[in-house]
Amino acid sequence: MSPQEAILAFANRQLAHHQLFRALLAHGDWRVPTPPRASRPTIIVNDAAMTPSIWAFSTEDAYRASCAQTGAEAIGPIARLTQLDDALVEDDPRVVRLTIDPASPIAFHIQTDELASFRKLAHGVRVERAMAARDYPAVRAFERYAVPYFGVLGQGHNLITLPSERGKMLAAFTAADAIDAFLAAGSEENRASVRFAIVDGDQLFGIVQDVAQGVLMNPMGPRTFGFELGTCREIANR
């Protein structure tokens, strides 16, 4: 699904917010205004409210349409990115809006609290790609794994594990939509009592051998990964 198809489906209430965000992050060819040799995109201010924004073009036609409407000089140099999250890795507090295809009839704006959520999801999707590529240093470096538990952390709490053919697996999550899918599968009573600890890769893959036979990442989707103890030790030692 292309970004424009995803935006249209979202407008027609056929996609939820997180599904739209994942569709945008899955697209593999972006054009983002970025100064040469800069690590952050160009901040563009182009509305009456003077909103500091990042613009991203999903196609060459979308970029050319904006050049015709706004002027190529106002947009500035363009960086070609295979992943949109490359433009969001460094959190610039001055930016309050991300605009997708600004000259399109269905231009889409992600701003304020939604932009903060989108950035968090982008980091989660980034580490999911690292898992798929077996880039274990990047998997270990991720700082926001969510681990569910019952009780009071440090006071008789129980980390949540799930059964598998290879034994019980410690549940963990990369992103908010994966947590939502997990909670939706449980009972109302369990949803009310489960809590989440935020840990880094060292903590997650270092402690698992004490409580389970591995880690099951995003057990209810949208992207599920399993790590047996040997792989957990390999990740922890990277």
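Relevant structure appears above.
Only a predicted model underlies this, so the values are computations on that prediction, with no experimental measurement involved. (Residues numbered from 1 in each chain as written. Predicted model: local features only at pLDDT ≥ 70, side-chain atom pairs only at ≥ 80, totals over all residues. Heavy atoms only, no water.)

Caption draft 1: A look at the nonpolar core. Grouped together as the largest cluster of nonpolar side chains are 29 residues, with contacts concentrated most on Leu 84, Leu 98, Ile 100 and Phe 118. Of all the elements in the fold, those that place two or more residues in this core are α1 (3-11), α2 (17-26), β1 (30-33), β2 (53-56), β4 (97-100), β5 (108-111) and α5 (112-132). Excluding residues that lie within four positions of it along the chain, Phe 118 makes contacts with Phe 21, Leu 24, Leu 25, Leu 84, Leu 88, Leu 98 and Ile 110. One finds Leu 204, Val 208, Ile 235 and Ala 236 within the second-largest nonpolar core, a separate group that totals 25 residues. (Core = buried A, V, L, I, M, F, W, Y, C linked by side-chain atoms within 4.5 Å. Buried < 20%, exposed > 50% of the residue type's maximum accessible area, 1.4 Å probe, protein only. Helix = DSSP H or I, 4+ residues; strand = E, 2+ residues; numbered from the N terminus. Contact = heavy atoms within 4.5 Å.)

Caption draft 2: The arrangement of the sheet that holds strand β8 (residues 161-162) in detail. The four strands are arranged β8-β9-β11-β12 in an open sheet whose pairing can be described as mixed. What marks the edges here is a single partner per strand, and that holds for β8 and β12 (225-228). Pairing of strand β11 (residues 214-217) with β12 involves four bridges; the strand directions are antiparallel. Residue Met 217 lies in a different strand from β12, and its bridge partner there is Phe 225. (Pairing = 2+ DSSP bridges.)

Caption draft 3: Spotlight on the sheet that holds β5. An order of β2-β4-β5 is seen for the three strands of this open sheet, with the pairing classed as mixed. Pairing within the sheet leaves two strands with one partner each, and these edge strands are β2 and β5. Averaged over all neighbouring strand pairs, the angle between strand axes comes to 20°, with direction disregarded. Looking at chain direction, β2 and β4 are connected through four bridges and run parallel. Bridge pairing in β4 links Trp 55 to Thr 99. (Axes fitted to C-alpha atoms, helices over the stretch in contact; angles between N-to-C directions.)

Limitation: the analysis is restricted to geometry and does not speak to function.
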